[in-house]
Amino acid sequence: MYRIATAWIGSILVACAMLVPAPVQAQLIGLSDEIILISKGQAKKRQYQQQQSSLGAAPGAGEKPFLHDPGGRGRGIQQHANPAASTVRFRGAHGSALSSMSTPGPQIVHSSAPLGAAHPRIKAEELPPPLYGPLELPQGDVEGPPSGLTLDDAIERLVRYNPDLQAKAYEIPQAKADVVTAGLRGNPFYFLSASNYPYAPYSPTRPGGTNYSVSVVQPIDINHKRAARSTAARAAVTVLEAQYTDAVRLAIDELYVAFVDVIVARETIRYAEASLAGAVQRLEKVTLQFEKEAIIEPDYLDVVNQRDAAVISLERARAQQLQARHTLATLLALPPEAAEQLEVRGAIRDNAPRPPTRDELVQTALRVRPDLAAYRLGIHRARSDLQVNRKEVIEDVFVIYSPYQTQSNRATGGQNATSFSFGLLGTIPLFNRNQGDIRRAELNIRQTQVALAAIERQVVAEVDRANVEYYSTLNAVERLEKTILPNSLRVRDAIQRLYESKERSRLDVYEAQRKHNEIVRQYRDAVIAHRRAMLHLNTVVAQRLLP
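Just so it is clear, the model here is predicted, and its values are computed rather than measured. (Residues numbered from 1 in each chain as written. Predicted model: local features only at pLDDT ≥ 70, side-chain atom pairs only at ≥ 80, totals over all residues. Heavy atoms only, no water.)

A. Geometry of the overall build of the chain. Counting secondary structure elements, the chain contains 12 helices and 4 strands. By residue count, 44% of the 547 residues in the chain fall in the buried class. For the chain, the exposed surface amounts to about 28700 Å²; the carbon and sulfur share of it is 58%. (Helix = DSSP H or I, 4+ residues; strand = E, 2+ residues; numbered from the N terminus. Buried < 20%, exposed > 50% of the residue type's maximum accessible area, 1.4 Å probe, protein only. Areas by Shrake-Rupley, 256 points an atom, 1.4 Å probe, with all protein chains shown as cover.)

Written out as structure tokens, the structure reads:
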């Protein structure tokens, strides 16, 4: 409907231009150009509205893949810490160049599109040890084959080949293209007109002549709006680069989980193999006793069941290792057939020196966290947007130049007259001085500053929790390793000897084995939790402090 009305008004203006002298024509030309600009702006607005739907961003519509936009156009109060709304648009009419990669909050939130496989990830804590029979600790610590994939190699490959990161990386050159767009000058308009056509022929008694003209209309930026838009667009690029760095940080954190899952699956297989070996040895002894009729058949069958349960646990552990390998291979963009042969090199136990003190960790995180850097740069970006809105108070001036105008006097026997003309068309900022957008931009700066302060507090809380988790799991591992496990093993072996000497029953042996299995399970889970705590501390500080 608006398009029809705009075309109708433009037709009236053109028709009126044919009936008025040249000076008035120049003014009407400027008005028709304003109609053209308004029409183009409305078309872009309609295009932006069509891209929005209740289903979210449409693929290929130019929407950003991130949740937040520090210092830029946000998505409403539902954000954890709304980083404000930009009033400057560079990409058509559907938002500025930036969006955010991380979600400020007490917990690290991964991207909405998972980097790994679509199926639920198997956590290491969910990899069960044998539920029945003896559960033994494997000897020593295995790092994997020398040719296995190290964590450093996995990080390098993730950054280079992960499809999700590759898709997000395209936002940076797109934002740089917006810098080019923001710096472009306005194109001139041309206007060709023929006017004063008579309904009846001109004559000496009805003097007059047909007019023909060629006009050029050039918008002139007298308030340097183009330079302000270019500055704001460059500020948007710096924010986006920090956001992409934070996306890499969160992707590496997800890689930590997948990499440790593979190591844990390998350790679970070692536990299961050690348990199966112990069950086989015990079955061999019991078989000799049963053949000599030293024990009854139920006791013999019970040991057989323990051996079979250990076999089942080993098969489950191998299946879970394959699933963990597939998840890691998906993150690293490896083909499915390569997942089955994927070997990693890394230890599960902590042999690294202790991290810095809590205060040093907090200062490091506040200094280098890329999500904080994005919000600090977002404040500069919001200020650039404010400058753009202040420049918008004075609109462009349209310089109208008609180098050639002719009036035909043939009907009256006179000579044709040629001439030229020029004029200026502008607006007087009397009523609309862009007050609303300027006020919004000022509030946008304050809002982004408040969001930055909130995120800084959240980062400190994340570091504190990660530091507490690191030392609590470390203390648990050390106590289990030095005290609880040796005592549990001595109790189990003592009860086994008492059973062999007929002083304890078979139920006492089972109960002792069950309690020992639970201690071994706790030790394994504590080692896994501590390994995860080490890597999580790297994530919250945004530096590789621990291997």
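Now, onward.
B. Layout of the pattern of salt bridges. Here the structure, examined in full by the defined rule, presents 26 salt bridges. Where Arg492 meets Asp493, a salt bridge forms, and the shortest distance between an N and an O atom there is 3.2 Å. Since its relative accessible area comes to 28%, Asp493 is described here as partly exposed. Beyond isolated ion pairs, a larger network of salt bridges with shared partners links Asp246, Arg249, Arg369, Asp371 and Glu462. (Salt bridge = Lys/Arg side-chain N within 4 Å of Asp/Glu carboxyl O.)

C. Structural view of the sheet that holds strand β4 (residues 417-425). Strand order across the open sheet formed by 4 strands is β1-β2-β3-β4, with antiparallel pairing between neighbours. Edge positions in the open sheet fall to β1 (189-195) and β4, since each of these has one partner strand only. Here the average twist between neighbouring strands, direction ignored, is 15 degrees. Summarising the sheet, strand β2 (residues 211-220) and strand β3 (residues 397-407) pair through 9 bridges and their orientation is antiparallel. Considered in β3, the bridge of Ser213 is made with Gln405. (Pairing = 2+ DSSP bridges. Axes fitted to C-alpha atoms, helices over the stretch in contact; angles between N-to-C directions.)

D. Up close: helix α6 (residues 225-291). Taking 1.5 Å as the rise per residue, α6 with 67 residues should run 99 Å; its terminal C-alpha atoms sit 98 Å apart, in good agreement. Of the residues flanking the end of α6, it is Glu293, one or two places downstream, whose phi is positive at about 60 degrees. (Expected span 1.5 Å × (residues − 1).)

E. Fine view of the pairing of β3. The sheet contact formed by β3 and β4 spans 8 bridges and is antiparallel. Bridged to Ile400 within β4 is Gly423.

F. Representation of the confidence of the model for the chain. Looking at the chain, pLDDT values average 77 and 74% of them are 70 or higher. Here helix α1 (residues 2-17) stands out as the least confident element of the chain, with mean pLDDT 41; helix α9 (residues 358-368) is the most confident, with 95. Of the regions scoring below 50 in pLDDT, residues 1-63 engages in 58 contacts with residues more than four places distant in sequence or in other chains. Low pLDDT, under 50, characterises residues 73-133; the predicted model gives this stretch 213 contacts beyond four residues in sequence or across chains. (pLDDT = per-residue confidence, 0-100. Contact = heavy atoms within 4.5 Å.)

G. The side chain of Arg325, seen in detail. Examined against the element boundaries, Arg325 turns out to sit in helix α7 (residues 297-331). Taking relative accessible area as the criterion, Arg325 reaches 9% and is therefore assigned buried. Here the side chain of Arg325 touches Glu340 through a polar contact of 2.9 Å, landing on its backbone oxygen. Excluding residues within four positions of it along the chain, Arg325 makes contact with Val262, Ala339, Glu340, Leu342 and Glu343. (Polar contact = N/O pair within 3.5 Å; in protein donor to acceptor, adjacent residues only side chain to side chain.)

H. A look at the packing of helix α11 (residues 435-500) against helix α12 (residues 506-541). Here α11 crosses α12 at 160 degrees, and the two axes come no closer than 8 Å. Taken together, the axes of α11 and α12 lie roughly antiparallel to each other. Read as a crossing pair, α11 and α12 show a hand that is left-handed. Residues of the contact of α11 with α12, tallied by class, amount to 24 nonpolar, 9 polar and 7 charged. (Parallel < 35°, antiparallel > 145°, perpendicular 65-115°, else oblique. Left-handed = near helix turned anticlockwise from the far one by under 90°. Nonpolar A, V, L, I, M, F, W, Y, C, P; charged D, E, K, R; others polar.)

I. Examining the environment of Asp246 more closely. When you line up the elements, Asp246 lands in helix α6. Judged by its relative accessible area of 0%, Asp246 is buried.

J. View of a nonpolar patch on the surface. A contiguous nonpolar patch, built from Tyr190, Leu192, Val214, Val216 and Tyr404 and spanning about 520 Å² of accessible area, is present on the exposed surface. Breaking the nonpolar patch down by element, the ones donating at least two residues are β1 and β2. Assignment of secondary structure puts Tyr190 in strand β1. (Patch = residues over 30% accessible without salt bridge, like charges linked within 9 Å, V, L, I, M, F, W, Y side chains within 5 Å.)

K. Local environment of the nonpolar core. Formed by 46 residues in total, the largest nonpolar core has its most connected members in Leu158, Leu165, Leu255, Phe259, Leu328, Leu332 and Tyr523. Those elements giving two or more residues to this core turn out to be α3 (151-161), α5 (171-182), α6, α7, α11 and α12. Sort the elements by how many residues they give to this core and α6 lands first, with 17 residues. (Core = buried A, V, L, I, M, F, W, Y, C linked by side-chain atoms within 4.5 Å.)

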